[in-house]
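Take a look at the letters that make up each chain.
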Amino acid sequence: SDIFVIDYDGKISKISKNNKTVVSDNGLKNISQFSASPDGIKSLINLTIFDATNNTWTALPAGATAAAWSPDSKKVAYLKNDGVYLFDLKSQNL
């Protein structure tokens, strides 16, 4: 099983069988919110979704203030000042 770590310099690395590979050099700083998805493949980091399967980043819509995973890891519920919304990760639609 692979393990993902965020280094002090903001790089995300995958550790697998004693090999460490940088999968994202996004330079994350000041991480204030972090949540791993229930399936263990994605992470919410400062209201941005990191997908470890393809090393991509997807920002939640502007104005989002908090977020949480759906139990199946396919959607993210997020708060904006006027309500609660669902972001579908596959279609990238609300």
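To keep things clear, this report deals only with the structure shown in the data block. Computed from a predicted model, the values in this text were never measured in an experiment. (Residues numbered from 1 in each chain as written. Predicted model: local features only at pLDDT ≥ 70, side-chain atom pairs only at ≥ 80, totals over all residues. Heavy atoms only, no water.)

A short note on the overall build of the chain
Piece 1. If you tally the helices and strands in the chain, you get 0 helices and 10 strands.
Piece 2. What you see in the chain, going N to C, is helices and strands ordered as β-β-β-β-β-β-β-β-β-β.
Piece 3. Whereas a compact globule of 94 residues would reach a radius of gyration of roughly 12 Å, the chain reaches 14 Å, a difference of no more than 12%.
Piece 4. Overall size of the chain, expressed as C-alpha extent along the three principal axes, is 45 × 25 × 15 Å.
Piece 5. Here the chain holds 94 residues, and the buried ones make up 28% of them.
Piece 6. Distance between charge centres in the chain, computed from 10 positive and 9 negative side chains, equals 3 Å. (Helix = DSSP H or I, 4+ residues; strand = E, 2+ residues; numbered from the N terminus. Rg over C-alpha atoms; globule rule 2.2 N^0.38 Å. Buried < 20%, exposed > 50% of the residue type's maximum accessible area, 1.4 Å probe, protein only. Lys, Arg positive; Asp, Glu negative; His and termini not counted. Charge placed at Lys NZ, Arg CZ, Asp CG, Glu CD.)

Description of the sheet that holds strand E7 (residues 56–59)
Piece 1. Pairing within the open sheet is antiparallel, and its 4 strands lie in the order E4-E5-E6-E7. With one partner strand each, in any of the chains shown, strand E4 (34–36) and E7 form the two edges of the open sheet. Neighbour-to-neighbour, the strand axes of the sheet open up by a mean angle of 20 degrees, direction not taken into account.
Piece 2. In this structure, E4 lies alongside strand E5 (residues 42–45), joined through 3 bridges in antiparallel fashion. (Pairing = 2+ DSSP bridges. Axes fitted to C-alpha atoms, helices over the stretch in contact; angles between N-to-C directions.)

So, the environment of Lys-75
Piece 1. Along the chain, Lys-75 falls in strand E9 (residues 75–80).
Piece 2. What makes Lys-75 partly exposed here is its relative accessible area of 33%.
Piece 3. In the structure, Lys-75 is positioned 45 residues away from Asn-30 in sequence and 25 Å away in space, judged by C-alpha atoms.

Here we look at the side chain of Ser-70
Piece 1. Along the chain, Ser-70 falls in the loop between strand E8 (66–69) and E9.
Piece 2. Within the local environment of Ser-70, its side chain forms a polar contact with the backbone nitrogen of Lys-74, the two atoms lying 3.4 Å apart.
Piece 3. Among residues more than four places away in sequence, those in contact with Ser-70 are Pro-38 and Lys-75. (Polar contact = N/O pair within 3.5 Å; in protein donor to acceptor, adjacent residues only side chain to side chain. Contact = heavy atoms within 4.5 Å.)

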